[in-house]
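# Descriptive analysis of the structure
Here's the letter readout for the chains.
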Amino acid sequence: MIIHRKQHLVALEEQLQGCGECPLGKTRNKLVFGRGSEEADIVFIGEGPGEQEDLQGSPFVGRAGQLLDKIIAAAGLTEEDYYICNIVKCRPPGNRVPAPAEVQACLPFLRQQVAYVRPKIMVLLGASAAKAIIDPNFGITRGRGKWIQMGNFLVMPTFHPAALLRDPQKKIPVWDDFQEIKRVYDEMKAGTYENNADNEE
Ligand code: URA
């Protein structure tokens, strides 16, 4: 019997409901697993749930999430094109940055989640996601906007939408990054994509 991606993801989400791998599970309201298309070629990865996400149990549903949805739609991507999740699945109290031990505890579950979706493109939203996935020393201001090949994935780090709310000057570089993501995605679908990304391995 073939078990479909959605069933794998539902099972992983259920497993995480009882997760005790780090202390965040004790203080959260709801587990925030993921939203969007399980068949998507693009996965957006943020840092961790904020207040609204923790209350609603869905990623990027607060102010930063509304901005992210607008940018995604303005770039011409539709709901079948993407899936959204976070590095950590439970809200760090007071919206602090997740501690390295919390990130390490949650990363195996993110890897599993991404492996089930099998995207071609991973977009890392902000420094926490880029440091967790690419390199702990990654600098988002210098490193954003450049493709990195990591295994089967093309990875694009960009600024977090919450950073745009604090600093509107970041809107232009993020818009450039999203147009580049759309360009590559369209070429992949058309079979005309030529890979010039830096290789991590
Ligand atoms: N910020 C994130 O990084 N993730 C969310 O889900 C919401 C805000």
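Residues numbered from 1 in each chain as written. Predicted model: local features only at pLDDT ≥ 70, side-chain atom pairs only at ≥ 80, totals over all residues. Heavy atoms only, no water.

Two faces belong to every sheet, and in a regular strand the side chains alternate between them. With five of five residues buried, strand S4 (residues 121-125) is to be regarded as a mostly interior element. Across four bridges, strand S2 (residues 42-46) lies against S4 in parallel orientation. Bridge pairing in S4 links isoleucine 45 to leucine 124. Of the pairings in the sheet, the one linking S4 to strand S6 (residues 153-158) comprises five bridges and is parallel in character. Within S6, the position partnered with valine 123 by the bridge is methionine 156. (Buried < 20%, exposed > 50% of the residue type's maximum accessible area, 1.4 Å probe, protein only. Helix = DSSP H or I, 4+ residues; strand = E, 2+ residues; numbered from the N terminus. Pairing = 2+ DSSP bridges.)

Next up on the list: the nonpolar core. Counting 59 residues, the largest nonpolar core has Ile42, Phe44, Ile45, Ile121 and Phe178 as the members making the most contacts within it. Looking at which element gives the most residues to this core, the answer is helix H5 (residues 100-117), with eight residues. Non-local contacts of phenylalanine 178, meaning those with residues more than four positions away in its chain, are made with Phe44, Leu68, Ile71, Ile72, Ala75 and Thr158. (Core = buried A, V, L, I, M, F, W, Y, C linked by side-chain atoms within 4.5 Å. Contact = heavy atoms within 4.5 Å.)

Glancing now at the environment of valine 103. In this fold, valine 103 is placed in helix H5. Owing to a relative accessible area of 11%, valine 103 belongs among the buried residues under this scheme. In the structure, valine 103 is positioned 98 residues away from arginine 5 in sequence and 24 Å away in space, judged by C-alpha atoms. Beyond its immediate stretch of four places on either side in the chain, valine 103 contacts Ile87, Val88, Pro98 and Ala132.

The next point concerns the side chain of serine 37. Tracing the chain through its elements places serine 37 in the loop between strand S1 (34-36) and S2. By relative accessible area, serine 37 is classed as buried at 14%. Engagement of the side chain of serine 37 in a polar contact is seen with the backbone nitrogen of glutamate 39, the distance being 3.1 Å. Excluding anything up to four places from it in sequence, serine 37 contacts Glu79, Glu80, Tyr82, Tyr83 and Val117. (Polar contact = N/O pair within 3.5 Å; in protein donor to acceptor, adjacent residues only side chain to side chain.)

Another aspect to go through is empty space enclosed by the protein. Here the idea is plain: a probe the size of a water molecule rolls over the atoms and shows the empty space left. Evaluation of the coordinates by the stated rule reveals one cavity of 30 Å³ or more. Of the voids in this model, the largest cavity is the one considered here, and its volume is about 110 Å³. Lining the largest cavity are Leu16, Cys19, Glu21, Cys22, Leu24, Gly25, Leu31, Lys89, Cys90, Ala105, Cys106 and Phe109. Contributing elements (two or more residues each) for the lining of the largest cavity: helix H2 (24-27) and H5. Among the elements that take part in the lining of the largest cavity, H5 stands out by supplying three residues, more than any other. Looking at the lining of the largest cavity, its residues break down into nine nonpolar, one polar and two charged. (1 Å grid on protein atoms, 1.4 Å probe; cavity = no way out; pocket = protein on both sides within 12 Å on 5 of 7 lines; lining within 4 Å. Points joined across faces, edges and corners; volume = space filled by probe spheres on them. Nonpolar A, V, L, I, M, F, W, Y, C, P; charged D, E, K, R; others polar.)

Further remarks concern the site of the ligand. Taken together, Gly46, Glu47, Gly48, Glu53, Pro59, Phe60, Asn86 and His160 make up all the residues around the ligand. Within the backbone of phenylalanine 60, a nitrogen or oxygen atom sits 2.9 Å from an oxygen atom of the ligand. Within the side chain of asparagine 86, one N or O atom sits 2.8 Å away from a nitrogen atom of the ligand. Its free accessible area being 240 Å², the ligand has 92% of it covered by the protein chains. A majority-of-atoms criterion places the ligand in the largest pocket. In terms of residue class, the shell around the ligand is built from two nonpolar, four polar and two charged. (Near = heavy atom within 4 Å. Areas by Shrake-Rupley, 256 points an atom, 1.4 Å probe, with all protein chains shown as cover. Sits in = over half its atoms within 2 Å of the grid points.)

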